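# Chain and residue survey
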Amino acid sequence: MAPRPPLPPFDREAALKKVQAAEDAWNTRDPEHVALAYTEDSVWRNRGTFLTGRAEITAFLRGKWERELDYALRKELWAYQDDRIAVRFQYECRDADGQWWRSYGNELWEFTGEGLMRRREAGIDDVRISAGERRIFGPRPDAERGALVPVW
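Okay, so let's go over this structure. (Residues numbered from 1 in each chain as written. Predicted model: local features only at pLDDT ≥ 70, side-chain atom pairs only at ≥ 80, totals over all residues. Heavy atoms only, no water.)

### Notes on the pairing of strand β6 (residues 117–129)
The condition that has to hold: Strands qualify as paired when DSSP identifies two bridges or more between them. Only runs of H or I of at least four residues qualify as helices and only runs of E of at least two qualify as strands under DSSP, and these elements are numbered from the N terminus.
The pairing of strand β1 (residues 38–46) with β6 spans five bridges and is parallel. The residue bridging V43 from the neighbouring strand is R119, located in β6. As defined by bridge partners, strand β5 (residues 100–111) adjoins β6 across twelve bridges and the pair is classed as antiparallel. In the sheet register, F111 faces β6, and the bridge partner there is M117. Hairpin geometry of β5 and β6 is characterised by an intervening segment of five residues between the two adjacent antiparallel strands and by a positive phi of about 85 degrees at G115.

Given below as structure tokens:
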């Protein structure tokens, strides 16, 4: 597979670009597209779910976005060093019954020299919200892309 820049070791600019690229990809809600950012044998912990490999990641994401309707995500760089990045994030979605949710979390990422993620660990908490409490509406506007915009 071709390299996925920016590549480690990360400086602040490269880490910010990697975080924005991840946010943009996840906001497509396209499991096959998103999974291409991970190694074939990538290891994930997502809440209490443990996954290995791109095929499991794709299946997981497909199910996620079938349940989490109108999903919209914001990520913010927390820290970076060498081949690792830490982010905090929040996303909003609604379930099939129309209940809106805001989910808060932290992710730890580890990358190969080619810029593919080989490890992802995510802790996430969910909060019920009303439609009137929503504050994330679709992908980040172009004017905000690449800027460090707090999500909290």
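### A closer look at the side chain of T58
Let me state the cut-off plainly: For the exposure calls, accessible area comes from a 1.4 Å probe over protein chains only, and a residue counts as buried if that area is under 20% of its type's maximum, exposed if over 50%, partly exposed in between. It only takes one pair of heavy atoms within 4.5 Å for two residues to be counted as in contact.
Inspection of the secondary structure puts T58 in helix α3 (residues 54–67). When its relative accessible area of 12% is taken as the criterion, T58 is described as buried. When near neighbours in sequence (up to four residues on either side) are disregarded, T58 contacts P31, E32 and A35.

### Regarding the sheet that holds strand β3 (residues 69–81)
Condition: With axes taken as lines fitted to C-alpha atoms, and helix axes fitted only over the stretch in contact, angles between N-to-C directions fall between 0 and 180 degrees.
Reading across from one edge, β2-β1-β6-β5-β4-β3 is the order of the six strands in this open sheet, with mixed pairing throughout. In the strand order of this sheet, the two ends are held by β2 (49–52) and β3, each with one partner. The average undirected angle you get between the axes of adjacent strands in this sheet is 20 degrees. Bridge analysis of strand β4 (residues 84–94) against β5 gives eleven bridges, and the strand direction is antiparallel. Residue F89 lies in a different strand from β5, and its bridge partner there is G105.

### Digging into the pattern of salt bridges
What counts is decided by this rule: Each salt bridge in this description consists of a side-chain nitrogen of Lys or Arg and a carboxyl oxygen of Asp or Glu lying within 4 Å of one another.
Taken as a whole and judged by the stated rule, the model has 18 salt bridges. Between K75 and E107 there is a salt bridge, with the nearest N and O atoms lying 2.5 Å from each other. Placement of the pair is K75 in strand β3 and E107 in strand β5, with a sequence separation of 32 residues. The burial state of K75 is the same as that of E107; both residues are buried. Put simply, R84 and D83 hold a salt bridge, and the shortest N to O gap is 3.9 Å. Through salt bridges that share partners, D83, R84, E110 and R118 make up one connected network.

### A closer look at the pairing of β4
Counting buried residues along β4, nine of its eleven residues qualify, which places the element largely inside the surrounding structure. Taken together, the ten bridges between β3 and β4 define a ladder with antiparallel strand orientation. Bridging from a neighbouring strand, Y80 pairs with I85 of β4. Two successive antiparallel strands, β3 and β4, enclose a turn made up of two residues, where D82 displays a positive phi of approximately 50 degrees. Count of turn residues in the β4/β5 antiparallel hairpin: five residues, of which G98 carries a positive phi of about 95 degrees.

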